[in-house]
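As a plain string of letters, each chain reads:
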Amino acid sequence: MSEGPKKMKAIVGEGKLRVYAIAVVPDQGVIVHLLGGEVSHVGAVALGIPRPSLQDPARLSATSSVITVVGHKEDEIAKPLADEIARTIGRTAVVVAGIHAEGASPEEVATLAANAWEAARRLLAKLGKEVSPDKELS
């Protein structure tokens, strides 16, 4: 019997440049929320599905799809992150991303992006240590 989903998080940055990566890990798959700035929201949703590599079936790869809210750019983070999680831990991954800081300068936008990737890297390290691949890939 399942003990229920595990939860974990990583936080990077301060104030309006803070980004949260929060994972819910059910029995199969993983759901990651990448939120932050001044207004957390849903800007893009990506789905990464692990599969054998087309070039080397002994290696794990992933196929990813994304839906982006009009006028948002979170797909630039959500899709590659869903792909990386699926490939790295061998589980179907959903990433919901929404990061916004009103009137952010180009430097602040760059810092938000860097913080998002660092939070994602930290979370991925935690996921890689605590989550084993689904048996459905065999």
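Everything below is about the structure shown above.
Just so you know, the residues in each chain are numbered from 1, in the order the chain's sequence is written. Per-residue local features of the predicted model are confined to residues with pLDDT of at least 70, and side-chain atom pairs are confined, for both listing and counting, to 80 or more; whole-chain, interface and lining totals are unaffected and use all residues. To get the side-chain values, all heavy atoms of the structure are used, and hydrogens and water are removed first.

Working definition: helices are DSSP H or I runs of at least four residues, strands are E runs of at least two. Numbering for both runs from the N terminus. Within the protein chain one finds 2 helices and 6 strands. Listing the helices and strands of the protein chain from first to last along the sequence gives β-β-β-β-β-α-β-α. What you see for the protein chain is a C-alpha radius of gyration of 15 Å, in line with the 14 Å of a compact globule of 138 residues. Residues are treated as being in contact if the distance between any of their heavy atoms lies within 4.5 Å. Across the protein chain, the fraction of contacts at a sequence separation of at least 24, relative to all contacts at a separation of at least 6, is 63%. In short, Shrake-Rupley with a 1.4 Å probe defines the accessible areas, and a residue's cover is counted only from the protein chains shown. Put simply, the protein chain shows about 7800 Å² of open surface, and 57% of that area lies on carbon and sulfur atoms. This count recognises Lys and Arg as positive and Asp and Glu as negative, with His and chain-terminal groups excluded. A charged residue contributes its charge at one atom only: NZ of Lys, CZ of Arg, CG of Asp or CD of Glu. Averaged over its 16 positive side-chain charges, the protein chain has a centre that lies 5 Å from the centre of its 17 negative ones. The atom set for the radius of gyration is the C-alpha atoms, and the globule formula is 2.2 Å times the number of residues raised to the power 0.38.

With that out of the way, let us pick up a nonpolar patch on the surface. The residues that make up patches have over 30% relative accessible area and no salt bridge, and they are joined within 9 Å when like-charged or within 5 Å when they are Val, Leu, Ile, Met, Phe, Trp or Tyr. Whenever Lys or Arg places a side-chain nitrogen within 4 Å of a carboxyl oxygen from Asp or Glu, that contact is recorded as a salt bridge. A surface patch of nonpolar side chains, amounting to about 200 Å² of accessible area, comprises Val42, Val45 and Val69. Take Val45: it is sitting in strand E4 (residues 44-52).

Moving on, we come to the environment of Thr68. For Thr68, the location among the structural elements is in strand E5 (residues 60-68). Through-space distance from the C-alpha of Thr68 to that of Ala23 is 20 Å; in sequence the pair is 45 residues apart. Setting aside anything within four residues of it in sequence, one finds Thr68 in contact with Gly43, Ala44 and Asp75.

Taken as a whole and judged by the stated rule, the model has 6 salt bridges. Residue Lys16 pairs with Glu108 through a salt bridge whose shortest N-O separation is 3.4 Å. Note that Lys16 is positioned in the loop between strand E1 (6-12) and strand E2 (19-25) and Glu108 in helix H2 (residues 106-130), a separation of 92 residues in sequence. Across the salt bridge formed by Asp83 and Arg87, the nearest N and O atoms sit 2.4 Å from each other. Linking Asp83 with Arg87, this pair stays in helix H1 (residues 75-89), spanning 4 residues, or about one helical turn. When a residue's accessible area, from a 1.4 Å probe over protein chains only, is under 20% of the maximum for its type it is buried; when over 50% it is exposed; and in between it is partly exposed. Residue Asp83 is classed as buried on the basis of its relative accessible area of 18%. The exposure class of Arg87 is partly exposed, given its relative accessible area of 29%.

Before going further, it helps to examine the sheet that holds E4. Here, any two strands with at least 2 DSSP bridges between them count as paired. Here 6 strands make up an open sheet; going across it, the order is E1-E2-E3-E6-E4-E5 and the pairing mixed. Bordering the open sheet on either side are E1 and E5, each of which pairs with just one other strand. Sheet twist, expressed as the average angle between the axes of neighbouring strands with direction ignored, equals 15°. Sheet analysis places E4 next to strand E6 (residues 93-100), joined by 5 bridges and oriented antiparallel. To get an axis, a line is fitted to the C-alpha atoms, and for a helix only the part in contact is used. The angle between two axes follows their N-to-C directions and goes from 0 to 180 degrees.

Once that is clear, we can look at H1. A helix is expected to span 1.5 Å multiplied by its residue count minus one. For H1, spanning 15 residues, the distance from its first C-alpha to its last is 21 Å, which sits close to the expected 21 Å at 1.5 Å a residue. Inspection of H1 places Ile77, Ala78, Leu81, Ala82, Asp83, Ile85, Ala86 and Ile89 among the buried residues, and these make up the whole buried set. Directly beyond the C-terminal end of H1, a positive phi value near 70° is found at Gly90.

What follows covers the layout of surface pockets. Considered as a void within the structure, the largest pocket measures approximately 440 Å³ in volume. Around the largest pocket, the lining is made up of 14 residues, and of these Lys73, Glu74, Ile99, Val109 and Leu112 lie nearest the centre. With 3 residues, H2 is the single largest residue contributor to the lining of the largest pocket. Only Asp, Glu, Lys and Arg are considered charged, only Ala, Val, Leu, Ile, Met, Phe, Trp, Tyr, Cys and Pro nonpolar, and every remaining residue, Gly among them, polar. For the lining of the largest pocket, a count of residues per class yields 7 nonpolar, 4 polar and 3 charged. Detection works on a 1 Å grid of protein atoms alone, calling trapped sets that fit a 1.4 Å probe cavities and calling open sets with protein on both sides within 12 Å along at least five of seven lines pockets, with lining residues defined by an atom within 4 Å of a point. Grid points are joined across faces, edges and corners, and a volume is the space filled by probe spheres set on the points.

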